[in-house]
Amino acid sequence: MDVRERDERELGRLRDDFGGWRIWRAVKQDGRLGEWVASLHDPSAGVEPTLMFPTAPLLRKALLRQAERARVRIR
């Protein structure tokens, strides 16, 4: 499996796991893929409007923290 295919699978998993967010890869000026980005579309799913991280695992951790922060805020 090449890098792009692996990234596409991870992108799909993130989208499946965090439905309240729009998740994509930013594209750099030179056309290469950049940061992993998530924009909040369901206020019950998080607190911050936008998250950007250099790797999918870091974005996943941040999205999990956002879910916890949203649960605390809603209580």
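Everything that follows concerns the structure shown earlier in this document.
All values derive from a computational prediction rather than experimental measurement.

Description of the side chain of E10
By the secondary structure assignment, E10 is in helix α1 (residues 3-17). Judged by its relative accessible area of 15%, E10 falls in the buried class. Contacts of E10, omitting those with residues within four sequence positions, involve W36, A56 and R60.

Things to note about the environment of A70
By the secondary structure assignment, A70 is in helix α2 (residues 56-74). C-alpha of A70 to C-alpha of T55: the two residues are 15 residues apart in sequence and 23 Å apart in space. Excluding its chain neighbours within four sequence positions, the residues that come into contact with A70 are P43, S44, A45, G46 and V47.

A look at the sheet that holds strand β2 (residues 33-40)
To summarise the sheet geometry, strands pair through backbone hydrogen bonds and adopt either a parallel or an antiparallel arrangement. As summarised here, the arrangement of the three strands in space is β1-β2-β3, forming an open sheet in which the pairing is antiparallel. Taken across any chain shown, the strands that pair with only one partner, and hence form the sheet edges, are β1 (21-27) and β3 (50-53). Each strand axis lies, on average, 20 degrees off the axis of its neighbour in the sheet, ignoring direction. Note: β2 against β3, four bridges, orientation antiparallel. By the bridge assignment, S39 is partnered in β3 with T50.

Regarding the pattern of salt bridges
Applying the stated criterion to the full structure yields nine salt bridges. One salt bridge in this structure joins E5 and R9, with 3.3 Å as the shortest N-O distance. Separated by four residues within a single helix, E5 and R9 lie in helix α1, roughly one turn from each other. Look at R9 and you get partly exposed, because its relative accessible area is 45%. The partner of D30 in a salt bridge is R32, and the shortest N-O contact between them spans 2.7 Å. On the basis of relative accessibility, which here comes to 52%, the residue D30 falls in the exposed class. When salt bridges with common partners are traced through the structure, they connect E10, R13, D17 and R60 into a single cluster.

Calculation notes
Residues numbered from 1 in each chain as written. Predicted model: local features only at pLDDT ≥ 70, side-chain atom pairs only at ≥ 80, totals over all residues. Heavy atoms only, no water. Helix = DSSP H or I, 4+ residues; strand = E, 2+ residues; numbered from the N terminus. Buried < 20%, exposed > 50% of the residue type's maximum accessible area, 1.4 Å probe, protein only. Contact = heavy atoms within 4.5 Å. Pairing = 2+ DSSP bridges. Axes fitted to C-alpha atoms, helices over the stretch in contact; angles between N-to-C directions. Salt bridge = Lys/Arg side-chain N within 4 Å of Asp/Glu carboxyl O.

So, to be careful, I would describe these as geometric facts and stop short of saying anything about function.
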